Amino acid sequence: MSEPFSRFLHPFDVARHPSLEPEVKRALLASWASDRAAVRNKPALRKPPGAKRAVPVDDVLAALRTLDQGGQERPAAP
């Protein structure tokens, strides 16, 4: 997968993907959360190469927490 983000619209799509190993989910989400993916002049938003749209970094971090909590956390309402 050269641009794995292109398949996912939201970080929770990664966290809930049924066939990805937890380590792969973590790697994808960690990369999405990194400063490299920050939107210029809008540091609270992240849009990695290939992603369809920018999302709040809080959503990325929440998706990472779901992996620690066994998928129990839900995304905040828009």
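What this report covers is the structure whose coordinates are included nearby. Just so it is clear, the structure is predicted and the values come from calculations on it, not from any experiment. (Residues numbered from 1 in each chain as written. Predicted model: local features only at pLDDT ≥ 70, side-chain atom pairs only at ≥ 80, totals over all residues. Heavy atoms only, no water.)

1. Examining helix 2 (residues 22-33)
In step 1: For helix 2, spanning 12 residues, the distance from its first C-alpha to its last is 16 Å, which sits close to the expected 16 Å at 1.5 Å a residue.
In step 2: Listed in full, the buried residues belonging to helix 2 are Lys-25, Leu-28, Leu-29, Trp-32 and Ala-33. End-on view of helix 2: buried residues confined to an arc of 135°, all on one side of the axis. (Helix = DSSP H or I, 4+ residues; strand = E, 2+ residues; numbered from the N terminus. Expected span 1.5 Å × (residues − 1). Buried < 20%, exposed > 50% of the residue type's maximum accessible area, 1.4 Å probe, protein only. Arc of directions from axis to C-beta.)

2. So, the sheet that holds strand 3 (residues 55-56)
In step 1: Overall, antiparallel pairing links the three strands, which are arranged 1-2-3 in an open sheet. Each edge of the sheet is formed by a strand with only one pairing partner; in this case those strands are strand 1 (38-39) and strand 3.
In step 2: Direction of pairing for strand 1 relative to strand 2 (residues 42-46): antiparallel, over a ladder of two bridges. Looking at strand 2, one finds that Ala-38 is bridged to Arg-46. (Pairing = 2+ DSSP bridges.)

3. Focus on the nonpolar core
In step 1: Among the nonpolar cores identified, the biggest contains 15 residues, and Phe-8, Val-14, Leu-29, Trp-32 and Val-60 are the most heavily contacted of them.
In step 2: The set of elements that each furnish at least two residues to this core consists of helix 1 (11-15), helix 2 and helix 3 (57-68). (Core = buried A, V, L, I, M, F, W, Y, C linked by side-chain atoms within 4.5 Å.)

4. Description of the packing of helix 2 against helix 3
In step 1: Running from amino to carboxyl end, helix 2 crosses helix 3 at an angle of 160°, the nearest separation of the two axes being 9 Å. As judged from the angle between their axes, helix 2 and helix 3 are roughly antiparallel. In this structure, helix 2 crosses over helix 3, and the sense of that crossing is left-handed. Where helix 2 approaches helix 3, its residues Pro-22, Lys-25, Arg-26, Leu-29, Ala-30, Trp-32 and Ala-33 are matched on the opposing element by Val-57, Val-60, Leu-61, Ala-63, Leu-64, Leu-67 and Asp-68. (Axes fitted to C-alpha atoms, helices over the stretch in contact; angles between N-to-C directions. Parallel < 35°, antiparallel > 145°, perpendicular 65-115°, else oblique. Left-handed = near helix turned anticlockwise from the far one by under 90°. Contact = heavy atoms within 4.5 Å.)

5. Remarks on helix 3
In step 1: Here helix 3 contains 12 residues, and its C-alpha end-to-end distance of 17 Å stays within 8% of the 16 Å for a straight helix at 1.5 Å per residue.
In step 2: Of the positions making up helix 3, those classed as buried are Val-57, Asp-59, Val-60, Ala-62, Ala-63, Leu-64, Thr-66 and Leu-67.
In step 3: Immediately beyond the C-terminal end of helix 3, within one or two residues, lies Gly-70, with a positive phi of roughly 70°.

6. Thoughts on unusual backbone geometry
In step 1: If you check the backbone angles, Asn-41 has positive phi at about 65° while not being a glycine.
In step 2: Looking at where Asn-41 falls in the secondary structure, it is placed in the loop between strand 1 and strand 2.
In step 3: For Asn-41, a relative accessible area of 74% corresponds to the exposed category.

7. Here we look at the pattern of salt bridges
Where charged atoms of side chains with opposite charge meet at close range, the side chains can pair.
In step 1: Taken as a whole, this structure holds two salt bridges when the rule is applied.
In step 2: Residue Asp-68 pairs with Arg-26 through a salt bridge whose shortest N-O separation is 2.8 Å. With Asp-68 in helix 3 and Arg-26 in helix 2, the pair connects residues that are 42 residues apart, well separated along the chain.
In step 3: Here Asp-68 falls in the exposed class, since its relative accessible area comes to 59%.
In step 4: Among the residues examined, Arg-26 registers a relative accessible area of 33% and is labelled partly exposed.
In step 5: Notably, a salt bridge pairs Arg-46 with Asp-35, separated by 3.3 Å at the nearest N-O pair. A residue pair is termed long-range when its members are at least 10 positions apart, and Arg-46 in strand 2 and Asp-35 in the loop between helix 2 and strand 1 qualify at 11 residues.
In step 6: With relative accessibility at 66%, the residue Asp-35 sits in the exposed group. (Salt bridge = Lys/Arg side-chain N within 4 Å of Asp/Glu carboxyl O.)

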